[in-house]
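Read off the chains here:
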Amino acid sequence: MYNNFGPSYQEQRLQQLMEQKQLRDFMRMYTNLVARCFDDCVTEFTSNKLGDKELTCVSRCAQKNMKLNERVGQRFGEENAKLMEEQARLGR
């Protein structure tokens, strides 16, 4: 609820909690991406630099996972919109 001074404390706190959850979710996704691509692509440990094959593999792995996450997010948004429409229709 808004008062004459802007959002209430509860709304501000809810916003903070949502932002913290989004950050945790992003960090979890990033950590999983790094672990997966490292495990799948890095095979040579005699050098402190990635080889050409490893660089290509890591790049493709990261792109593939980012596209996957984008598609999942889109589908989630579509399903959420359908659910909201259905709830609005049933609530009338």
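Residues numbered from 1 in each chain as written. Predicted model: local features only at pLDDT ≥ 70, side-chain atom pairs only at ≥ 80, totals over all residues. Heavy atoms only, no water.

## A word on the pattern of salt bridges
Overall, the coordinates contain four salt bridges when judged by the stated rule. Measuring nitrogen to oxygen at the nearest pair gives 2.9 Å for the salt bridge that ties Asp25 to Lys21. Residue Asp25 and its partner Lys21 are both found in helix α1 (residues 9-41); the two are separated by four residues, about one turn of the helix. Asp25 sits in the partly exposed class, given a relative accessible area of 30%. Given a relative accessible area of 46%, Lys21 falls into the partly exposed group. Between Arg28 and Asp25 there is a salt bridge; the shortest N-O distance is 3.0 Å. In this pair, Arg28 and Asp25 are both assigned in helix α1, three residues apart and thus about one turn of the helix distant. Residue Arg28 is classed as partly exposed on the basis of its relative accessible area, which comes to 48%. Overlapping salt bridges bring together Lys21, Asp25 and Arg28 as one network. (Salt bridge = Lys/Arg side-chain N within 4 Å of Asp/Glu carboxyl O. Helix = DSSP H or I, 4+ residues; strand = E, 2+ residues; numbered from the N terminus. Buried < 20%, exposed > 50% of the residue type's maximum accessible area, 1.4 Å probe, protein only.)

## Description of the state of the cysteines
Counted according to the given criterion, the structure contains two disulfides. Covalent S-S linkage joins Cys37 and Cys61, the inter-sulfur distance amounting to 2.0 Å. Looking along the S-S bond of the Cys37-Cys61 disulfide, the torsion reads about -90 degrees, which is the left-handed sense. Placement of the pair is Cys37 in helix α1 and Cys61 in helix α2 (residues 52-91), with a sequence separation of 24 residues. The exposure class of Cys61 is buried, given its relative accessible area of 10%. The residue that forms a disulfide with Cys41 is Cys57, at a sulfur-sulfur distance of 2.0 Å. Residues Cys41 and Cys57 are joined through a disulfide that is left-handed, its torsion about the S-S bond being -65 degrees. (Disulfide = S-S within 2.5 Å.)

## Some points on a nonpolar patch on the surface
A cluster of nonpolar side chains, Leu23, Phe26, Met27, Tyr30 and Val34, forms an exposed patch at the surface whose accessible area comes to about 480 Å². Here Val34 falls in the partly exposed class, since its relative accessible area comes to 40%. (Patch = residues over 30% accessible without salt bridge, like charges linked within 9 Å, V, L, I, M, F, W, Y side chains within 5 Å. Areas by Shrake-Rupley, 256 points an atom, 1.4 Å probe, with all protein chains shown as cover.)

## Some details on the UniProt feature "domain: Tim10-like" (unreviewed entry) in the chain
The sites that carry the UniProt feature "domain: Tim10-like" (unreviewed entry) are, in the present numbering, residues 15-77. Here residues 15-77 is 84% helix and 0% strand, with 19 Å between the C-alpha atoms at its ends. (UniProt positions renumbered as here; feature names shortened; annotations may be inferred.)

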